[in-house]
Structure formats: structure tokens, C-alpha cells
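# Structure assessment
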Amino acid sequence: MFSIELVVLSTLLAGVLAYIVSIKLPKLGSYLTILASLAVFSVLAYFGFNNNLDAEVNLIPQFVLFKTSMFGLYFAIIVSFIFFMVSFFNPYFIKDYKYPAAYNLFYLMALAGTIGVFFASNFITLFIFFEIVVWTSMFLIPLGKKRKPTVTYFVFSTVGSFAMLYAVMFTFSITGSFDLAAISVLSGKSALLVYILLAVAGFAKLGAYPFYVWLPKVLGKSPDPVSAVFSGGIEKLGAFIAFMAILRISPASIYLEAVGMYLQNYVIAIFGAITIVVGTLQAIRQDDAKKLLAYSSASNGGYILVAIAMSSSISLTGAMYHILAHALASTAAFLAIAVVHYRTKTTKISELGGMIHHMPLTYMVYLMAIISMAGIPPMGGFISKWLIFQAVINKQMIIVAVATFFGSIGSFLYVFRPLAALFLGQKLPKYKGVKEAPFLMMIPLIILTLGSFYIGVIPNQVIDFSNKVIAEFGFGPLLMNEFGIQGANGTLSAPIIASVFGLGVVVIAIIFFILPKSRKVGLMDTYTSGEFIYTEELLHYSADFYAPFERLYPAKPLISKVYAMIKEKVNELGRFFKYWFFTNKPEVTVLWIVLILTLLVWGDIL
Amino acid sequence: MKKVLSLLVVLALGFGIINSLNQNSSFPKFGEADVSDRVSDRYINKNVTEENEEVIFGEDGYETGSSNFVTSIVANYRSFDTLGEVTVLFISAFGVALLFSKDSKRVSLNFKPNFMLRVGSRALFGLIIMTGIYISVHGHLTPGGGFPGGTMIASSILLLYLSNDSFRTKIKGFKLLEGFMGSLYVLIGVAGIYVTGYFLENFLDTGVVGDLFSAGIIPIVYVIIGLKVGSEIASIIDNFLTEEVS
Amino acid sequence: MNPVLLIAIPLLFAFLSIMNKKFARPLLLVALLLDVYLVFTISKGLYSIGGFSQYGINLLVDQYSLIGLMVVNVVFFLTVVTNCKEVKRLSTVLLVALAGVNGLLLTNDLFNLFVFLEIVGISAYLITSGNKRPLATFNYLVQGTVGSGLYLLGLILLYSMTGTLNMALILPTIVDKAIPLSNLALPFMLMFIGLGVEAKLLPFNSWVKGVLQNANALTSVLIAGVFATTIALTFGRLLSTVFVLGSISNIVLVILAVTMLAGEVAAFASKRIREVLLFSAIAQSGLIILLFANGLVIPAIMLIIANIVSKYILFTITGKMVDGTKTDEIESLQGVFSKNKLVGFAFTVASLSVIGLPLFFGFIVKLNILTSLFSQYQLFLSALILVVSLIEGTYFVKLLIKLWYSVGEVKTFKVDALVKVVTLIFALGLIVFGVYTKPLTDSLMTVPEEMMEAIAERGNF
């Protein structure tokens, strides 16, 4: 037996310890983060799989209460695993941070917070840990070079958490209970309000439309390990909330016969679809590899939403699967970019090229990650997308189906961009001495890739687990046998697909090795119209990569203009109040007093 | 235009307040207030702590022996408020000194007192200060009391200021007096706690209504107030008169 | 011990202090120490002044005033101790202010309250005169005078209707005489506006900007921390035990809600650190009074405590920072905390607590406020509170990030060890109460009951 509270508390304590150690020895402190997150992951995984986690122990008095559920456990294991994987990168990046000790502290506090969220048994506990995650992870962001994303993140996260708080309190005012189950008791309009508010909370945290604008800012500008943790771990809190909102609340609503689902679910699915499309379109035109992955994170969040909204066994399994597959793949991708960033100090695709020659392993990791993200076998992303497509087609949701397919094809476009231009492409002279990732960084890269590959070939364990999870929401298990998953209109046999794929790779490899080698040429060998080129950067392979495509739509998301406008309006209102009420003239105040009194006595007279 | 507008607004408010009070059934009309159910009734008949129908001049044994019932309210029933008001005056006087002494040097008067002023003020000084002290001392018997008495004392000192430039140097004495009187007031209050258990309790014998030596601590308090107010206003005068005009 | 000593001792010392200027500061410190000691030894009950039971002036010590006295006296003491240099010639004023503050918290008499309001007001004007912004002080003076004049007018009207000034008797008398609520609207509104000026409520608070945007550490903590808390508690007692808002409650609620919104929005639009903090203080006081007006005494007191502690930290550090760097533009203060980490830590904790993030006391307060509001089913109001606290959080986070991370040159400032220690202790206190609040919530439990007790007893002994 191991108590959850002990896990959370000891993680917090480990954070404090890491802080104290890091004041003098930041590097040692960052090794502590590896150990601590390993401990958290292994405890959760070991005791969790054996159903041995104890939620009863109550070391902290007051209202912090935990419970165990397969649903929470699934998320907790994934997120703690991501934190553990990313922590391997901490020792290398720690010296770049302005406040290394604070980084180690907040890293572990954020981990503790996420665990707390997943095992919370009432909404107050959930909210407390949710907010802890918000503010601790918020302070991780400015440790990079940019300060502004911190505020953006705070605003969007807080919109989400306040929406949740309002929903929680509203539920409390009606049912008199903070219990997680209380939301299921609601009905009618109040249920609808809570549903919307919780959906907003989930959307904000997951970075779905229209809240997705924080993702590129935060993920693009944070320190690299932080981006990875956000994309693979913290973002998943949104999915967690969305699951609860969509599946546990049943507001009275219109049933749409055509797609066989309730209106509110359909709206969520549409928003998910918009997120997919917008995220994909924006990702395609990004020059910064991290921003690109950030938009891709947003669009993958859209898939999860679509899957949850459809609420069937197959779609929910797809959602659960996608959460895992995306966590593994996007973390791997972010970490691969982090390696490049660490070695070359840039993440701009147009400034890089030919990295495959310097870091082949990182290249392989990235390649596998994007294969998974694009939903190509034999990686985990393929199975989740297959499940989601099955569900969408089964529900005959044409618009959503178009969006999901569009997203899938679009993802080829955007993941290919860094692949082609950053890793492949022309080798730039200035990165001559760049080396492969250091040993410690390779560990998580390899583990993540193998994990991604494993769940793509043998889905049985994950589906077993997710069957238990969806059973908690009252859905029947997804059928499967040793080699296949039973879909609505077909069976998917992942191992067979994988072996076909493997065969193909072998064939191509044979051809590759048999054929004569191509001649290697330097960058300066390029010439055009008989002229040698001296400003090679301009003609770089990846400059204006998708130029024709990019002309089709604006670079800045429209919605960010709306947000800028809201900010400006608040500012204007502030200046208005300052001008009318905070003058240096006491007579203005007296005038106000006289006016209010006159109003009052006038009301008396009438 | 602005002034006319503001006048109109204020008039409207004034009219509104008067009108609303006229219509207010709970607000007594002028001269029709029923005193019997108010605390003032008890103050007038001195029956707050004891049963008492009517106060008779020349008798003894009342809870406060002051024949002037305004004084009995000011210096006994609500003496704490008076202490507060004295403090308000004190802190204002101190504030004047604080603000004036900040950046500017003190200067002597910018006019020379002539013969008439010097002689006249000396003649008047005694009269005024005597009246002031009389009013302060008889505060519990006749209208007046510490505040007007103190102001009179201060005005006599104003005369000295105007007529005698060197008088200003003795201002230190007033600070001492002011501080001492204030402390004495508080100490009398504190003494009440230890004599009878209540702060500012009238712990002396209240005597015969109408006698000079009656009403317990009331005359003492009033003399203290008189001297304190006098010295405070004097120091305010001093500050104003000697401020450098820049 | 008799609580009147809390007022008498500083007054006595104030009178003594003008005899010899040398002793003024030591006397101030001794008076503060004595008061802090006394606060923890006085016992609950009604204390008569002069022995005239409910017909004279009484001091009321219940859980409510006791908590207020403890908080205010301790913070007052620490403020003076940590700003010894700035006290200079203000010692006498501060002594009187201390007496006034204690009087406001203790008194159970409406007119006596006015007297102490005047004392506190005049000492506040004098304290702000140290900013060397005569115009701002003058504004404050004019507005404060108008405010107390209105309070007095309202008081007179109320007296002429009820015939008593005893706060514990007003409500029973209103019931006895069956005075209709509409008749009470005018006096209550006058008193509300009168106190509203001091409590920084919106249309009546233009003095705050001039006074606080130029204030040093001493002045700002006293005005925004100590005095604000005292006024809020006084206001709270009147709102919960004397005022029957009735027909004016709509006007009052609108004023309070707009105060809250305007404060936060104006802070959002400000570029100077002191301006940000002062507008935030305005919003907070709007929220506090709003809670009192809704009868939520316990959350209001919690907010008051959280507020004074965090305001102490924020304003003290800001004051020292502005002193040291000679600027209060946020843009030119960037990165100052990178050289003063401990101070920065305290400042950060205080701001996070004000925002209401978990692990800090402010979070518990926010949760309490919302739970109470929702149990009254106040959907609109709680939504408004959430919206303004989002705005608040935004500018505080922006401020924190700027103060921790520099672009270019970093200015430095020196802070005494004492200030560091006190602010750190306060910051740790915010964290401890943020995690473990039981002792506090337990001691607050009885406050509303005890407040009503004096009324039920009709001010008798």
C-alpha cells in the first residue's frame, strides 16, 4: 500500500529539497528532479497497476481528499512518465536559467499538482491542485528568454480555472456538495451552465479553439524541457476536465437524430474540428520548429475533443489512446528539437539544415515521433486515429470527418517541414562541429520512441486499461482479440500492419544499400544559371518552404486580434475611470457625492 | 456658469433633503421632539444611574453636581468625547506647527507695535484673561466653560503678541502647559479606573448644585480644558503670525 | 485590563511627547509596545466610560474588535519599527493616530465614533503631509472633511429619530418604534457616504491616488494598511449591527461593485508600481465592504487580515524600492528582485496571496468568499468577483515577471535586515495560514454571534 497523499506531499518536499540543494549546486538539484519524478512514476505505476494505491490516509487536514480511479490513474501514470522523461534534460538546461533553484522547485511542484488533480475526490481538491499547477508551471515559462508568454498563459489558464471554480461553486450551491459525482445530479439549465463552464475550463487548458492562442506563445517561447512538459503533460489536464464535463453531465438538450448525439456534444465536436483545422493550418506555416509543434499540439487536442464528444466505446478508447500516443510522440518531438536547440542555439527551421549528419539518432527519434503524430503505422498515433476515424464515420458526422481527415493530411505537410529542412536539407557551414545528443538526453529519446512504437504494434495492454477506464463512465469495453481490435466496420490488426511495414522498410533498405551511393556535395556547389551563389541562406532549401500555401490565409490567427482588442478595452476602461474619478480636483468628488444624494432624495420625493 | 450650475445642484440637494425630511414621519418636527424617550431626558434630570425626578438648585447628592446641564453632558456624561475633541484640537495645533516649521524659518513680526497698541493691550490683557479664567472655572455653573474660556485666554495672549515682540520667545512654556494639561486630563480619567472602576468617572464628591466647589471633577476638567485650549490656540496664533511670507 | 488604556496610554504619551521632542520617538515605541501587550491581555465585555451604562459611552470588546485590535496594533507597531527613520517628527501624530485607531475599533457609540474618525482623519492628513505633495494632502483634507460632515449629519438625523447613540441600541429602537426603512434611507446613506470617503469607495475616493502614489513606506502602509483596515472594520460593524440598508441597498451594492471593478481596471491600466498597488487597494476595500453589506462577516474579516498582511509586505517593499532606486516606473524597475531575492520572495508571496492562488492565505479567503456568496445564491456578484480577480491576477503576474526578470541594466536598492525579517515572517505566515487555517477559522466562528449579542442584550451590562 502506498498513499497518494504521501506521493503528493513527498513530491512537494522533494521540490523544496531540490530548491535548497540548487541554491549552491543547481546541477545536483536537477538530478534530484530526475530521481524524484522517477520515484513518483514508479510508485504510481507499480502500486497503481496492482490496485494498491491508498486514498484514505489523510495527513493534511481540511478539505484535501483523494480517491483512486482507473481514469485518474491512467492520466497520472502518463503525465508522471512525461515529467520523468523530460527531467533527463534538466541538467543540461539548468545553467541557462536565471533562477535554477526556482526551476527545480516549480518543476516538482507542478508534478505534485498534476498528480493531485488526477486523484482528487472532490472539486475543491481538484481546484486547489489545478491552480497549483497553473501558478507553478507559470513561473517555469519566463526562465527562458521571453517574459510575455507568462502573462498570456496565466490569463488563459485562469479563465479556465475560474470557469471551473464557478461551475464547482454553482454545483455546490444547488447540491450542497463538492463531490465529483455531484455534477451528475444536476439537471436542466443548471446542468447546461455547469457543462459549458467545465467545457470552457477543459478547452482553455487543452488549448482548443478559441483558446488555442496561448499554446504557440507558451510552447514556442518557454525553455525546451518546459515546452515538452506542457505539451505532453500539463495540457492533458484539459482533457481530464473535458472528459468529466462531457461524460458526467447530462443537460436537457436537443437530440440530433442525424448524427445520433446531443446538441451540446455536437457543438463540442465542431469546436474540436475547428481546432484541428486551425491548428493544422497554422502549424503548416510556422518557421519556428517549437511553434510548429505547439500548433500541432493544439490540433491534436482537437482530436481528443472530437473523440470525447462522440461518447461511444470506440471513440472514448480512441481518445484515451490518443492522449497516450500524443503525449509520447509530442514529447519526443519537442525533446528532439530541444537537442537541436541545445547544440545549435536556434529553433528556426530556416536557419538550420542537414542536422541528420550531426545527430542521426535525434533525427530517427523525430522521424518516429512525427510518424506517430501524423497517424502512420506502425506507431501509436495510427491506432488512436484509426479508432477516432472509425467512430466519426460510424456517427456519420460529415463536417467533423472532413476536418479530421484534413488534419491528418495537413499533419503530413507540417511535420515534413522540419524533417526536410531541419534534419535533412543542406548542411550549413556554421554548424560544422555540432555533435549528437549527450548520453543522458538519449535515454528519454530512445525510451519515448520505443514506447511509441510498442503501443503502435501491440495495443492490447493499453486498450485493456482504457476499457477499465471507460467502464467507470458506464461504457462497454472495446472488443479485441490477441491480434486485432474490433472496430465498427472492420478489424484492425496492428501487429500485421507493423510487420508489413517492417517488410517494406527492409526492402527499401536493401535497395538503398545495393544501389550506388550518391555523390556528396557541399553547399557552395550550388549554382544557378551558371552563376555561383555566395548568399546561400537566401536560397536555402527551407526558406519560404510552403510559400504558395502560405499565401492562402493570414499568418496571425484572427482570434488573437479579438483578444488584443479585449485587452485594449480593459485598458481604456481603466483610463476612463482614472480620468473621471481620480482627478486632482476635490470638487469632482464633492459633485459625485451631491449627485448621489440628490438621486437618493429625488427618489424619495417621487 | 460653473458656479451657477453648482449652486443649482446644491440647491436641488438642499431642497431634496428638506423635502424628504418633511415627509419623513419618524423625523420630529421642529420643537415637537419627544424628549422623554431619549437619553437627553436622563441627562437633564441627572437620572442615569439613579432614580431622580427633578434637579433642585441648592441640594446635594446628584450623580453629577453641575447646575449647567450642558456642562454635565460635555464634561461628565460624554467626557470621553470631549477628551477626543481636545485631542482633535491638539493634533490640529501640532499639525499647524509641523507644516509651518517645515521649510520656512521663523521671522519676527513685520510691523512695529505703536504706543497705543502696547498700552491698550496691556490694559485689556488682564481683563480678558480674567474673564477667560472665570468662564473656565465657572463652566459647571454658568454658560461657557473650558472651550470659550480657553479661547479668551488665547485672545489675551494674542494681544501680548501684537504688542510685544519679545514675548514670542517664551512659547516653550506654552508647549509645556499644553502637554501637562493634556496629560492631566488623561490621568484624571485613568485615576477613575483605579478609584471606582470606570475611566473618567466622577469620583469626587459632587457637592451642592450651584456651589463653586461642586460637581466633582467637572470644574477641574474644565479648567484643564480651558488652559489647554488657551495654550493650543496661542501656539496656533504664534505659528501663523511668525510664518515667513514667501 | 481595561481596554480604555489602549486609547489612554497613547494619548497620554502624545501629550507628554510635545514637552520634549527628544522623547517623542521612544515614547511612541513604548506606547506601541504597551498597546501590543495590552491587546493580548484585555478580556471581552462592555466597558463603560464614566459609569453611565448604556446611556453613556461604552467600549465593546468582542471577538470582532479583539481580532481587529490585535491585527492593527501589531501591524502598526511593526510599521513604525521598520520605518524608524521616516517617523522623524511624526511621533506625536502617530501616537494620536494609534489612540484614534484603537478608539474606532473599540467604541460602541456613534458620536464617539465620529470623534475618533476626526482624530484618525486629521492624523492621516498630517502623516500624508510628509509626502511633500501639499495639493494631494489638501484634496484629502477637503474630501475627508466633507465625508465626516456627512457622517455627522446622518448621525444627527438618526439620533433625532431614535433618541440614542448607543450602537447596540439603534437596531432595537428602530424595531421598537417601528420606524419604516424608507425613513432611514437618508441618514444611513449620509453615514455610508461619510465613511465611504475614508474607506476609499469609488466616487468619493479621488484623494487616494494623490496621497498614495507619492507615499513612502511608512505613509503607504499606515494609510493603505492600518487605517484602511480600521475603517473597514468600523464600517463592517456599522453595516452588520447598525445599518438597515433596506431601500438603499441597491445604490450601495452598485457603488461597491463599481469600486471593485474600477479599482482593478485602473490598476490594470497603470504603469507605476505604487499606482498599481493603490488601485488594487481600492478594489480590495470595495470587496471587503461588499462582503459586509451582504452580511458575510467571517469572509470579510479573513479578507481584511489577508489584506493588511499582504499590503504591509507590498507597500513596505515598494516604499523601500522607490526610495533606493528613485523611480516607481515599472519599466525602469525591471529585474530589481534579482539582486534582492529575499525581499522579492516576500513580495511574490504577498502578490500571489492577493491573487488568491493555492498554498497561500488569499486562496482560502477567496474560497471562503465564494462559498458564502454561492450559499446566498449570489450568481452575478460572484461572477463579477471572479472577473475582477482575473484582471487583478493579470497585472500582478505582469508586475512580478517584470520585477524578477530584467532587460538591460538592473537598479539596486538596500533593505534593512529588520525589514527583510519582518516581511519574510509575514510572507511565511501567509503560507502557513494558506495550508493550515483551522485556528483562525475557529476563532472567527463566534464573531457574528458575539456581534449580535450586545444588541440582544440592548447594550446592558
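This one's a predicted model, so the numbers in the text were calculated from it and none came from an experiment.

Further remarks concern the overall build of chain B. Helices and strands together make up the secondary structure of chain B, namely eight helices and zero strands. The N-to-C order of helical and strand elements in chain B reads α-α-α-α-α-α-α-α. The C-alpha radius of gyration of chain B comes to 23 Å, more than 25% above the 18 Å expected for a compact globule of 246 residues. Counting the 246 residues in chain B, one finds 46% classified as buried. Excluding contacts between residues fewer than 6 apart, the proportion of contacts in chain B whose partners are at least 24 apart in sequence is 68%. For chain B, the exposed surface amounts to about 12,400 Å²; the carbon and sulfur share of it is 67%.

In this section: the interface of chain A and chain C. Facing the 55 residues of chain A at the interface are 73 residues of chain C. Contact between chain A and chain C buries roughly 5,600 Å² in total, counting both sides, with carbon and sulfur atoms accounting for 79%. The interface formed by chain A and chain C contains one salt bridge. Notably, a salt bridge pairs Glu275 of chain C with Lys578 of chain A, separated by 2.8 Å at the nearest N-O pair. Along the contact surface separating chain A from chain C lie 10 residue pairs in polar contact (both at pLDDT 80 or more). Here the side of chain A that touches chain C takes 14 residues from helix H7 (residues 148–175) of chain A, the largest share from any one element. Of the residues assigned to the side of chain A that touches chain C, the class counts are 38 nonpolar, nine polar and eight charged.

Using the criterion set out here, one finds 66 aromatic pairs over all chains in the structure. The interplanar angle of 80° and the centroid separation of 5.6 Å between the aromatic rings of Phe49 of chain A and Phe465 of chain A together place this pair among those described as edge-to-face. In this pair, Phe49 of chain A is assigned in helix H2 (residues 26–49) and Phe465 of chain A in helix H21 (residues 460–472), connecting sequence segments 416 residues apart. Ring pairing ties together the aromatic residues Phe49, Phe71, Tyr74, Phe75, Phe118, Phe240, Phe243, Phe465 and Phe473 of chain A, which thus form one cluster. Its end group placed over the ring of Phe130 of chain A, Lys205 of chain A keeps NZ or CZ at 5.5 Å from the ring centre. When the ring centre of Tyr159 of chain C is taken as origin, the NZ or CZ atom of Arg38 of chain B, which lies over that ring, is 5.3 Å away.

Now for empty space enclosed by the protein. Where empty space is left can be seen by rolling a probe of water-molecule size over the atoms. All names here are of chain C. All chains considered together, the criterion is met by 11 cavities of 30 Å³ or more. In terms of lining, the largest cavity is formed by 22 residues, of which the most central are Gln284, Leu287, Leu303, Val354 and Glu392. With five residues, helix H14 (residues 297–325) is the largest single contributor of residues to the lining of the largest cavity. Looking at the lining of the largest cavity residue by residue, the classes come out as 11 nonpolar, seven polar and four charged.

Moving on, we come to the pairing of strand E1 (residues 45–49) of chain C. Residue and element names in this part refer to chain C. Judged by how many residues are buried, E1 sits mostly within the fold: four of five residues are covered. Summarising the sheet, E1 and strand E2 (residues 57–61) pair through five bridges and their orientation is antiparallel. Bridging across to E2, Leu46 finds its partner in Leu60.

Here we come to unusual backbone geometry. Residue and element names in this part refer to chain A. The linkage connecting Tyr209 with the following residue, Pro210, adopts the cis geometry, with an omega of 5°. Here Pro210 lies in the loop between helix H9 (188–206) and helix H10 (214–221). The phi dihedral of Gln396 falls on the positive side, at around 55°, and the residue is not glycine. Summarising the element assignment, Gln396 is placed in the loop between helix H18 (380–395) and helix H19 (398–423).

Here the focus is the domain arrangement of chain B. One frequently used descriptor of interface size is the decrease in accessible area upon assembly of the parts. The domain boundaries assigned to chain B delineate domain 1 (2–33) and domain 2 (69–241). Domain 1 of chain B and domain 2 of chain B are separated by 37 Å when their C-alpha centres are compared.

For helix H3 (residues 63–82) of chain C, which comprises 20 residues, the first-to-last C-alpha distance of 28 Å matches the rise-based estimate of 28 Å (1.5 Å per residue) to within 8%. Most of H3 of chain C sits inside the fold, with 17 of its 20 residues counted as buried.

Rules used in this analysis
Residues numbered from 1 in each chain as written. Chains lettered and ligands numbered in written order. Predicted model: local features only at pLDDT ≥ 70, side-chain atom pairs only at ≥ 80, totals over all residues. Heavy atoms only, no water. Helix = DSSP H or I, 4+ residues; strand = E, 2+ residues; numbered from the N terminus. Rg over C-alpha atoms; globule rule 2.2 N^0.38 Å. Buried < 20%, exposed > 50% of the residue type's maximum accessible area, 1.4 Å probe, protein only. Contact = heavy atoms within 4.5 Å. Areas by Shrake-Rupley, 256 points an atom, 1.4 Å probe, with all protein chains shown as cover. Buried area = accessible area lost by both parts, 1.4 Å probe. Salt bridge = Lys/Arg side-chain N within 4 Å of Asp/Glu carboxyl O. Polar contact = N/O pair within 3.5 Å; in protein donor to acceptor, adjacent residues only side chain to side chain. Nonpolar A, V, L, I, M, F, W, Y, C, P; charged D, E, K, R; others polar. Phe/Tyr/Trp six-rings, centres within 6.5 Å; stacked < 30°, edge-to-face > 60°. Lys NZ or Arg CZ within 6 Å of the ring centre and 35° of its normal. 1 Å grid on protein atoms, 1.4 Å probe; cavity = no way out; pocket = protein on both sides within 12 Å on 5 of 7 lines; lining within 4 Å. Points joined across faces, edges and corners; volume = space filled by probe spheres on them. Pairing = 2+ DSSP bridges. Domains from an automatic or database assignment. Expected span 1.5 Å × (residues − 1).

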